[in-house]
Amino acid sequence: MDLSKVTFPTFVLEPRSMLERITDFMSHPDLIFGAEKCDDPEERFIRILQYYLAGWHIKPKGVKKPYNPVLGEFFRCRYDYQNGTQGFYVAEQVSHHPPVSAFLYISPANRICIVGELRPKSKFLGNSVSTTMEGENRITLMGAPDDGEYVVTMPNMYARGILFGKMVLELGDTCVVKNEKNKLFCDLEFKTKGFFSGTYNAIAGRVRRGNSDTGEVSGRWSHVMEFKSIKSGSKRVLFDAGRDGLSIAPKYVPDIEEQEPYESRRLWKDVTHAIEEKNMERATEAKSTVEDAQRELRRRREESGEIFIPRYFERRDGRWEPKLNIPRDDSSEAIDAVQTWIWPPTAG
């Protein structure tokens, strides 16, 4: 059963949109800041790997699913870092069938740019729901332009125990982190727990350069993950969720009154408020109001032949890219250009 057309009961909803959920991967940017200063390409690659693995430990208690964004919905925020620099993020739902979320994170001062898209596909498997996370993150170290892009794919998600037994959210299957320019690759396996054995949240992976293995990744994405060098045998901690997971970069989001009607938090505010009040009946009503309005809008578009055009992103060469000439320097003009694009003065 394809679940993109199924309305989820509100008790399994996490009170935020998928567009905001993606920001979990921007929670520990210090892991990637300064990576371009590492002379060794493999060290730069491992820094990217660290950043990616650090995004998984943030999750709500129990099995919760963020809101399915509606077409044209967007989420934007700013980060103010302890080193006095800033980062900027915008995500937009650019397609409804199939659902596609496109996003951009950029910190000109820290020479990082991440462009990506997610195309989740959910299926009902009896007592569990599987969500295939198609799409990729494309990370550019602007201070190391010769590296080209670092491309990261996503594991699949499994919500088990929907009908009976313990409800558990697991990540499973394989994802890839790769940098074609330096011929560096990591195949990461997210292991789901077997019925009678195994551990929750385990990962295992191999880093290779060309055809030669250079290291192994092991551990649990909810706890501690390590990298072991094959050459030296030495181990290092990539991320310790218990120790490092507490220092999450706070994001600044304008108050709901200052947001536009299609910004995530304003669009879903009645649903969020009802869930926080544990009033599931009102949450369901509020969710239906949002979804019914979308259906009506879609019907009107189809009747008039109007084609939806995303505000922030466009398709180029089969990929969703920001409608922004991404600045490659760290000047105040570059920072102003990004801010003005995300928050145009007329929208304020």
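We now turn to the structure provided with this report. (Residues numbered from 1 in each chain as written. Predicted model: local features only at pLDDT ≥ 70, side-chain atom pairs only at ≥ 80, totals over all residues. Heavy atoms only, no water.)

## Some details on the overall build of the protein chain
Step number 1: Across its full length, the protein chain carries seven helices and 18 strands.
Step number 2: Here the protein chain has a C-alpha radius of gyration of 21 Å; the compact-globule value for 348 residues is 20 Å, and the two agree.
Step number 3: Based on the C-alpha atoms only, the size of the protein chain along its principal axes is roughly 60 × 60 × 35 Å.
Step number 4: Across the 348 residues of the protein chain, 53% fall into the buried class.
Step number 5: Taking all contacts inside the protein chain whose residues are at least 6 apart in sequence as the whole, residues at least 24 apart take part in 55%.
Step number 6: Accessible area for the protein chain stands at about 16800 Å²; split by element, carbon and sulfur atoms hold 52% of it.
Step number 7: Across the protein chain, the mean location of the 51 positive side-chain charges is 4 Å away from that of the 52 negative side-chain charges. (Helix = DSSP H or I, 4+ residues; strand = E, 2+ residues; numbered from the N terminus. Rg over C-alpha atoms; globule rule 2.2 N^0.38 Å. Buried < 20%, exposed > 50% of the residue type's maximum accessible area, 1.4 Å probe, protein only. Contact = heavy atoms within 4.5 Å. Areas by Shrake-Rupley, 256 points an atom, 1.4 Å probe, with all protein chains shown as cover. Lys, Arg positive; Asp, Glu negative; His and termini not counted. Charge placed at Lys NZ, Arg CZ, Asp CG, Glu CD.)

## A closer look at helix α2 (residues 41-53)
Step number 1: Taking 1.5 Å of rise per residue, 13 residues should cover 18 Å, and α2 covers 19 Å from first to last C-alpha, within 8% of that figure.
Step number 2: With 12 of 13 residues buried, α2 is to be regarded as a mostly interior element.
Step number 3: Turning to α2, its buried residues number three or more, namely Pro-41, Glu-42, Arg-44, Phe-45, Ile-46, Arg-47, Ile-48, Leu-49, Gln-50, Tyr-51, Tyr-52 and Leu-53.
Step number 4: Between a side-chain oxygen at the N-terminus of α2 and the backbone nitrogen of Glu-42 the separation is 3.1 Å; the capping residue is Asp-40. (Expected span 1.5 Å × (residues − 1). Polar contact = N/O pair within 3.5 Å; in protein donor to acceptor, adjacent residues only side chain to side chain.)

## Examining unusual backbone geometry
Step number 1: Backbone torsion omega between His-97 and Pro-98 reads 0°, so that peptide bond is classified as cis.
Step number 2: One can find Pro-98 in the loop between β4 (86-95) and β5 (100-107).
Step number 3: Located in the positive-phi region is Lys-278, a residue other than glycine, with phi close to 60°.
Step number 4: Relative to the elements of secondary structure, Lys-278 occurs in the loop between α5 (269-276) and α6 (280-304).
Step number 5: Assessed through its relative accessible area of 70%, Lys-278 is described here as exposed.
Step number 6: The backbone phi angle of Asp-317 is positive, close to 55°, even though this residue is not glycine.
Step number 7: Within the element layout of this structure, Asp-317 appears in the loop between β17 (313-316) and β18 (319-322).
Step number 8: Residue classification places Asp-317 among the exposed positions, given a relative accessible area of 82%.

## A short note on empty space enclosed by the protein
Step number 1: According to the stated counting rule, one finds two cavities of 30 Å³ or more in the structure shown.
Step number 2: Volume-wise, the second largest cavity comes out at about 30 Å³.
Step number 3: Along the walls of the second largest cavity sit Phe-25, Met-26, Pro-29, Ile-32, Tyr-51, Tyr-105, Ile-112 and Ile-114, which together make up its complete lining.
Step number 4: Partitioning the lining of the second largest cavity into residue classes produces eight nonpolar, no polar and no charged. (1 Å grid on protein atoms, 1.4 Å probe; cavity = no way out; pocket = protein on both sides within 12 Å on 5 of 7 lines; lining within 4 Å. Points joined across faces, edges and corners; volume = space filled by probe spheres on them. Nonpolar A, V, L, I, M, F, W, Y, C, P; charged D, E, K, R; others polar.)

## Topic: the packing of α5 against α6
Step number 1: Viewed as axis vectors pointing N to C, α5 and α6 meet at an angle of 170°, and their least axial separation amounts to 8 Å. Considering their axes alone, α5 and α6 lie roughly antiparallel with respect to each other. Contacts between α5 and α6 involve Asp-270, Val-271, His-273, Ala-274 and Ile-275 from the former and Met-280, Arg-282, Ala-283, Ala-286 and Lys-287 from the latter.
Step number 2: Split into classes, the residues belonging to the contact of α5 with α6 amount to six nonpolar, one polar and three charged. (Axes fitted to C-alpha atoms, helices over the stretch in contact; angles between N-to-C directions. Parallel < 35°, antiparallel > 145°, perpendicular 65-115°, else oblique.)

## A look at the environment of Pro-145
Step number 1: Within the secondary structure, Pro-145 sits in the loop between β7 (128-141) and β8 (149-153).
Step number 2: With 109 residues separating them in the primary sequence, Pro-145 and Glu-36 have C-alpha atoms 9.0 Å apart.

## Here's the deal with the packing of aromatic side chains
Step number 1: Enumeration according to the criterion identifies 10 aromatic pairs in this entry.
Step number 2: Here Tyr-79 and Tyr-105 contribute two aromatic rings whose centre-to-centre distance is 6.1 Å and whose plane-to-plane angle is 70°, an arrangement assigned as edge-to-face. A residue pair is termed long-range when its members are at least 10 positions apart, and Tyr-79 in strand β3 (residues 74-80) and Tyr-105 in strand β5 qualify at 26 residues. In this pair, the class of Tyr-79 matches that of Tyr-105, namely buried.
Step number 3: Among the aromatic residues, those joined into a ring-pair cluster are Phe-33, Tyr-79, Tyr-81 and Tyr-105.
Step number 4: Lying over the aromatic face of Phe-74, Arg-311 brings its terminal NZ or CZ to 4.8 Å of the ring centre. (Phe/Tyr/Trp six-rings, centres within 6.5 Å; stacked < 30°, edge-to-face > 60°. Lys NZ or Arg CZ within 6 Å of the ring centre and 35° of its normal.)

Geometry only, nothing functional implied.
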